[in-house]
Amino acid sequence: MDAAEAIHEKFVAKVRNGNLPRRTSDARPGDVGLAREAMVELFYSQCVSRQMDRISRRLQARGQGFYTIGSSGHENNAAVAQALRIDDIAFLHYRSNAFQIHRAKKLPGQTPCWDMLLSFTASAEDPISGGRHKVIGSRPLSIPPQTSTIASHLPKAVGAAFSIGIARMLKLEETPLPGDSIVLASFGDASANHSTAQGAFNTAAWAAYQGTPMPIVFLCEDNGIGISTRTPRGWIEAAFRDRAAIKYVRCSGLDMVDAYRGALEASHYARTQRKPVFLHMDCVRLYGHAGSDLQATYLAKAQIEEDEERDPLLFSAALLVEQEIASGGQILDIYNETEAILARIGEQAITRPKLTDSREVMASIVPPKRGQAMANRPTPEERDALFARDSGMMEKPQHMARLLSWALADLMLAHSNVIVAGEDVGPKGGVYNVTAKLHERFGPARVINTLLDEQSILGLGIGAAHNSILAITEIQFLAYVHNAEDQIRGEAATLSFFSSGQYANPMVIRIPGLGYQKGFGGHFHNDNSLAVFRDIPGLILACPSNGADAVEMLRECVRLALEEQRVVVFLEPIALYMTRDLHAEEDALWTSPYAAPGEAKPIPLGAPGLYGDGTDLAIVSYGNGYYLSRQAERILSEQHGLRLRVVDLRWLAPLNEDGLLAAVAGCGRVLIVDECRRTGSQSEALMALFAERAPGMDCRRIAAEDSFIALGRAATLTLPSRDAIVAAALDLARG
Ligand SMILES: Cc1ncc(C[n+]2csc(CCOP(=O)(O)OP(=O)(O)O)c2C)c(N)n1
């Protein structure tokens, strides 16, 4: 017999026969203020959750439902919903049906069963994901949908909790997360071991330890197992009971009253103390991991039976009988009634339309535009005061690093909800001084030295975005984004997609990277692959090659985040940060005067840069490759009489194909210069573009070798050089 049906029959028989277990706790409803009506309502939510699991499984067996992962055994997370406020944003574990169902009771007009069954049957009318995934989530209920990657929601939950305090300090008005709200993040016991989760706990504790407000409840729903691997008995308590700066609260997820007691204690502490709590709730997993999982293949029969005896619905029934709130018959009436209702809803849900074409599926990859961002208009005096100490330097052309730093200052002056966060970005001003003086100008609440954890930095950006704060986060070097890349790839970039554009996490991630650093070298500070960003749907990847462009592009990136809710990676070529000269020492051709906001021509998303209008050959490049191509161009022009144009891509993703084809129009030959590793590089996409859309074009490429970067003088041996560009161009031009 199906596991769900076996448990169902046991429940019915035990309630009918009055054969109910002793409750697992002595907690008394009156002591925690749990009224009789509330207990009935909670039981009702639990029954709905249980029946939703059963109906989902039946629909899946008929090919009408998809990807069933049950909430059975975790129904007391409804008691957590009871203890929390509806505006306490909740980043939930996938076994949280009861939480959502119960929270929906706090807001009139909600139809959680209909909504969730539409999601579980992948209907395009599913109000949260539009049929894109089976997710728990609801915009009106402050439950953003979560991905299937366990623990990956915890860094942003911590970021959101952090943002509540920041919003208060900055006196930002009408932020989505109220100043006295808290954040809930739930997960399973196996997930608690994930390094992403551990990083999030540590970040919350690190912040709280030094007095930073961190109002978050980490709810660990401990059912003792993750798929088939048992959590060592007592491990969660041993690991979290005495953790620095995180309060530990234990409760039983088998007993409604005790679950509520624990949730009240935890949420009260987080709300009043603004400190993190670890709420450890014992649960039981009743149907195996997910739809197709047969527990009998890895659990002893006795263990399965023991688990079935710990069914929280049985304990809830015992409570209602003990408190003389309902008789066994009345309990079964509620239970059966919810089954009948859910079955009817399920039959209707499967008739609702599905997504039918790729356009519909993709409609929410790019979030909806939010409209023009409110900007402060600083007076000339305010700007003068801000830049007073730099006024001498501002009169002269400067290199990219300094120009970027001023651009950041102007952006922060214009937008009071913009913050900067990363490793060493504070008083030190970052490794390359790009955030120099921001800390003294805007203070520690807006220029935040984070701890050393890239997942937490990105999580801060995502979480802050949930509170309408735009974080310009910095990852210190490109190579170090990789241990956190899922925060961009799996989390930030997917939120709009899985929420039908109802949630978005606009952010700008600054990343210094790429090769060619003089007298330095070594792979990890010269990493030269962008493949990790290029295939992420909806992500914008910008890479300026010079200071003037960098300023305008950064402004456009911030506009894209603020007004269009986009996730943007702004890649800064380290080797060009301090570069001043192009062809000869002291020519200062790679410096620019600083253009105040509105003074220079904007560089909108996708607009390539163009140097020259020759038609003998077009060189297409970006970053350092563009810089070297400009050097090569002069040699090719002066020494070989070639008339060239050099195109700077500037925006690497999404690729502006039409704009690029227009930029090379009239040239029969294109040389692509790509400083990134050949495999997975931009040049692959460009070769494909020209082959597909300009078939007559004679197109070649030089790219970096598929190698890591060596140290010292060998650092550039695997990269395209100026002379290699000249040679390749001559080769191509001469046919
Ligand atoms: C990063 C990641 N690795 C592996 C998986 C596959 N996976 C899904 S759920 C799960 C077990 C989670 O167990 P636990 O946290 O105890 O939650 P439970 O399912 O028991 O409620 C695993 C390994 C995943 N979803 N994400």
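Residues numbered from 1 in each chain as written. Predicted model: local features only at pLDDT ≥ 70, side-chain atom pairs only at ≥ 80, totals over all residues. Heavy atoms only, no water.

(A) Inspection of the sheet that holds strand β6 (residues 247-252) at higher detail. As summarised here, the arrangement of the five strands in space is β1-β2-β3-β7-β6, forming an open sheet in which the pairing is parallel. Looking at which strands have only one partner, the edges of the open sheet turn out to be β1 (90-91) and β6. Sheet analysis places strand β2 (residues 183-188) next to strand β3 (residues 216-222), joined by six bridges and oriented parallel. Of the residues in β3, the one forming a bridge with Ala185 is Phe218. (Pairing = 2+ DSSP bridges. Helix = DSSP H or I, 4+ residues; strand = E, 2+ residues; numbered from the N terminus.)

(B) Representation of the sheet that holds strand β16 (residues 644-648) in the model. In space, the five strands of this open sheet follow the order β14-β16-β15-β18-β19, with mixed pairing throughout. Across the chains shown, the open sheet's two edge strands, defined by having one partner strand only, are β14 (609-611) and β19 (698-704). Within the sheet, the average angular offset between the axes of one strand and its neighbour, ignoring direction, is 20 degrees. Bridge count for strand β15 (residues 617-621) against β16 is five bridges, and the pairing is parallel. Across the sheet, residue Val620 finds its bridge partner in β16, namely Val647. Packing of helix α27 (residues 722-733) onto the sheet brings it into contact with β15, β18 (669-677) and β19, and relative to β18 it is tilted by some 150 degrees. (Axes fitted to C-alpha atoms, helices over the stretch in contact; angles between N-to-C directions. Contact = heavy atoms within 4.5 Å.)

(C) Summary view of unusual backbone geometry. Put simply, Ala653 and Pro654 share a cis peptide bond, and its omega is -10 degrees. For Ala588, which is not glycine, the phi torsion reads 55 degrees and is therefore positive. Along the polypeptide, Ala588 turns up in the loop between α23 (574-577) and β14. Accessibility expressed as a relative area gives 31% for Ala588, which makes it partly exposed. (Buried < 20%, exposed > 50% of the residue type's maximum accessible area, 1.4 Å probe, protein only.)

(D) Highlighting the site of the ligand. If you check the shell around the ligand, you find 16 residues, and the closest are His93, Tyr94, Arg95, Ser148 and Ser191. Here an oxygen atom of the ligand sits 2.5 Å away from a polar atom, N or O, in the side chain of Tyr94. The contact in question runs from an oxygen atom of the ligand to an N or O atom on the backbone of Ala190, over 2.9 Å. For the ligand, the protein covers 74% of the area, taking 580 Å² as the surface of the free molecule. For the shell around the ligand, the class distribution of residues is five nonpolar, nine polar and two charged. (Near = heavy atom within 4 Å. Polar contact = N/O pair within 3.5 Å; in protein donor to acceptor, adjacent residues only side chain to side chain. Areas by Shrake-Rupley, 256 points an atom, 1.4 Å probe, with all protein chains shown as cover. Nonpolar A, V, L, I, M, F, W, Y, C, P; charged D, E, K, R; others polar.)

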